[in-house]
Amino acid sequence: MNKDRYLAIAVLLMVVILFIESENIPEKTSWQAYGSALYPQILLGIIGVTATLVLLKSFINIAPIEQDGSKKRLVFDWKVFGIFVIFGSYAALLPILGYLISTMVFMVTMQGLLLEVNTPKKWVVNILTSGIMVPLVYVIFKFGLNVWLP
Amino acid sequence: MGESLLQALTQVGDLYTLSLIFAGVLFGIIGGSIPGFTVTMAILVVFPFTFSMDPVSGIALMVGVFVGGYSGGIVSGVMLGIPGTPSSITTVYDGYPMAKKGEPGRALGIGMFASFFGTLISILMLVFFGPLIAKFSMNFRPWEITALIVFALTLVAGLSNGALLKGLMAAAIGLFITTVGFDRNSNLRFDFGFEPLSDGFEILPVMIGVFAFSQLMSNVQSLGSEQSGKKEGISTSLKIPYRKIIIDLSRQKINIIRSSIIGGLVGALPGTGGTVANFLSYDQAKKLSRDPSKYGTGIPDGIIASEASNSAVAGGAFIPTLALGIPGDLPMAIMMGVLILHGITPGPLMFEQNPILVGSIYASLLIAAFVMVFCQILLLRWFAKISKVPQQILVPSVLMLCAVGSFALNNNLFDVWVLFIFGILGYLLWKAAVPLTPLILGVVLGNNLETQMFRALELDPSWTTFFTRPFSAFFFALALISVVFSILQNRRIAHTLKPKATIEARP
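Residues numbered from 1 in each chain as written. Chains lettered and ligands numbered in written order. Predicted model: local features only at pLDDT ≥ 70, side-chain atom pairs only at ≥ 80, totals over all residues.

Draft legend 1. Up close: the UniProt feature "transmembrane region" (unreviewed entry) in chain A. Mapped onto this numbering, the UniProt entry gives "transmembrane region" (unreviewed entry) at residues 38–60, 81–107 and 127–149 of chain A. Span residues 127–149 of chain A is 78% helix and 0% strand, its end C-alpha atoms 22 Å apart. (UniProt positions renumbered as here; feature names shortened; annotations may be inferred. Helix = DSSP H or I, 4+ residues; strand = E, 2+ residues; numbered from the N terminus.)

Below, the structure is given as structure tokens:
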């Protein structure tokens, strides 16, 4: 299966789920010309039709129009996966540990992943960048802009 | 208008606002200088800092970033041979060869002044055409506005590099995202029993998630290939030969004016932006040149065509945003999101209801153009050094700022999760080669489209009215033409690629 087929099937599945959910939207009242479900249902219809056409097109043997770097895009990247895992953990830890600790952990871990910290120099860069950036943003938001951070 | 402009100048001219414009320009140039960072990302990162500001100050800061960002792309283009933003791709064609010949200061200086003149000319276009278009569009009623939004979305989807279907799908997904939560009749939609969804999604975390994650992850994926094929860097010790640059510019007056007008006009068209302006202007300059073969070898003409046009997009893109409420390009879609979050609805009425704010945008653009040249002259060699900041440090820092910005919007952790979820969605869609600009535009225009469409239907329940009112029918016809044109263009591209693909498919 090519990427277009995966995309179309995933989108069509979502459309079906959301269309069923749209049935729970309250019916139109006497003073409404159309109900609240109509607009999202029109959009789901457009998404469904375009996804079906993408699906059909994926079966037709025509030359694919190459996007910039499309081959590069299909490669599974462990670093990207790691970034998402670290970011998800950061979002979960933010209310528990607070901004300063969780962001410090996030920055050090993320740079550790990307810089492949294996020399003392890289460790210094990692700690220094995190040590400057995290408190700086905290001070700017909290005292400069009066924005509360957890 | 004159009185409002004077009042706006007084507001923008105070020390606090001037320092914000200065900071914005500085950050914009830095953002534009770093390859892969882009103007859009710079705007997204700075936006949270405007939350506690009044609209004039917030807009002044953002305009500074906008102007600085478009001019900053030249730095990495000349010094590294890598365009800092997609809108400075053609700058590299002549900027990098000139730098390699030992004249990086000349290349940067020419680009810097061309950017300055481009911005000035586009401000003139904005001041002249903006109110005229707004005045004309005052006659637009819900049917026309609905049709105009549909046209803008189909145009953007159609311009998505041969992916019309995916572009239309992305636009519809963007529009759909705005239907989550309570609608204007207080009916709850798609909350799945999860209470935080009842308020719907904030525009900002959705936009940051979709755009920033896909952009940063693509940068991360490129790390390996860039390291293996790194271009030869130019020394960052620069000397700017001002006399030579003045001679270069005085010989290119027509080129500057033509490229700036192209940039301003392209910027005013929905869905085009700096990249299109850049290529179109470079192409025109080359075609009209006495010696086209010299283009690409490091001549001032190419740098001027490229930089004047991409900077002129700044003023041009404000025309449809302010006058019609339709953003001209992706950075402008984000700027429109900024205005909406500050409680301002861009559109024809803005010129009547918020003349001081409109005037402050003009004034901020003008001041930012001067600040940009000032910053570039003083700090050029530092920008050249900053352009070498590695992605390994940049990516975590930007993601951290995105998270903090999303949280600070409402002091709500749910927005950080929205950022994360839409980050995953944006990345997956990018992997599937789905253009993201239509999606972001859909998110920005979604609420307005629904409001206008149903206002029209409340006034007249018949759907045919959309096609019987002249301007509404005209915009729908344009939307149809843009789709048909895109289909024909895709077929032509597919036809040219077919023989190549057949050869590659053979075992």
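That shown, we press on.
Draft legend 2. Main features of the environment of G112(A). Residues and elements named next belong to chain A. One can find G112 in helix α4 (residues 78–115). With 19 C-beta atoms counted inside 10 Å, the residue G112 sits in the partly exposed group. C-alpha of G112 to C-alpha of V85: the two residues are 27 residues apart in sequence and 14 Å apart in space. Not counting residues within four places of it along the chain, the set of residues in contact with G112 comprises V117 and N126. (Buried ≥ 20, exposed ≤ 12 C-beta atoms within 10 Å, placed from the backbone. Contact = placed C-beta atoms within 7 Å.)

Draft legend 3. Geometry of the environment of F485(B). Residues and elements named next belong to chain B. By secondary structure assignment, the location of F485 is in helix α21 (residues 470–505). What makes F485 partly exposed here is the crowd of 14 C-beta atoms within 10 Å. Taking the C-alpha atoms as reference points, F485 and L155, 330 residues apart in sequence, are found 9.8 Å from one another.

Draft legend 4. A look at the interface of chain B and chain A. Facing the 57 residues of chain B at the interface are 58 residues of chain A. Of all the elements in the fold, those that place two or more residues in the side of chain B that touches chain A are α8 (164–177), α9 (203–228), α17 (391–410), α18 (413–431), α19 (437–459) and α21 of chain B. Sort the elements by how many residues they give to the side of chain B that touches chain A and α17(B) lands first, with eleven residues. Looking at the side of chain B that touches chain A, its residues break down into 39 nonpolar, eleven polar and seven charged. (Nonpolar A, V, L, I, M, F, W, Y, C, P; charged D, E, K, R; others polar.)

Draft legend 5. Broad picture of helix α10 (residues 242–250) of chain B. Residue and element names in this part refer to chain B. The complete set of buried residues in α10 reads I245, D248 and L249. Take α10 and look down its axis: the buried residues cluster within an arc of 95°, on one side only. The exposed set on the far side of α10, more than 90 degrees from its buried face, consists of R243, I246, I247 and S250. The elements touched by buried residues of α10 are α6 (104–137), α11 (253–268) and α13 (300–324). (Arc of directions from axis to C-beta.)

Draft legend 6. Main features of the nonpolar core. Residues and elements named next belong to chain B. If you look at the biggest cluster of nonpolar residues, it comprises 212 residues, and the most contacted ones within it are I43, L44, M62, M207 and I440. Ranked by residues supplied to this core, first place goes to helix α16 (residues 355–386) with 17 residues. With sequence-adjacent residues up to four places away left out, M207 is seen in contact with L44, I334, G337, I440 and V443. (Core = buried A, V, L, I, M, F, W, Y, C linked by C-beta atoms within 7 Å.)

Draft legend 7. Looking closely at α16(B). End to end, α16(B) covers just 38 Å across 32 residues, shorter than the expected 46 Å (1.5 Å per residue, more than 12% under). Taken as a whole, α16(B) carries its principal kink of about 80° at L379(B). (Expected span 1.5 Å × (residues − 1). Bend = angle between axes of the 7 residues up to and from the residue.)

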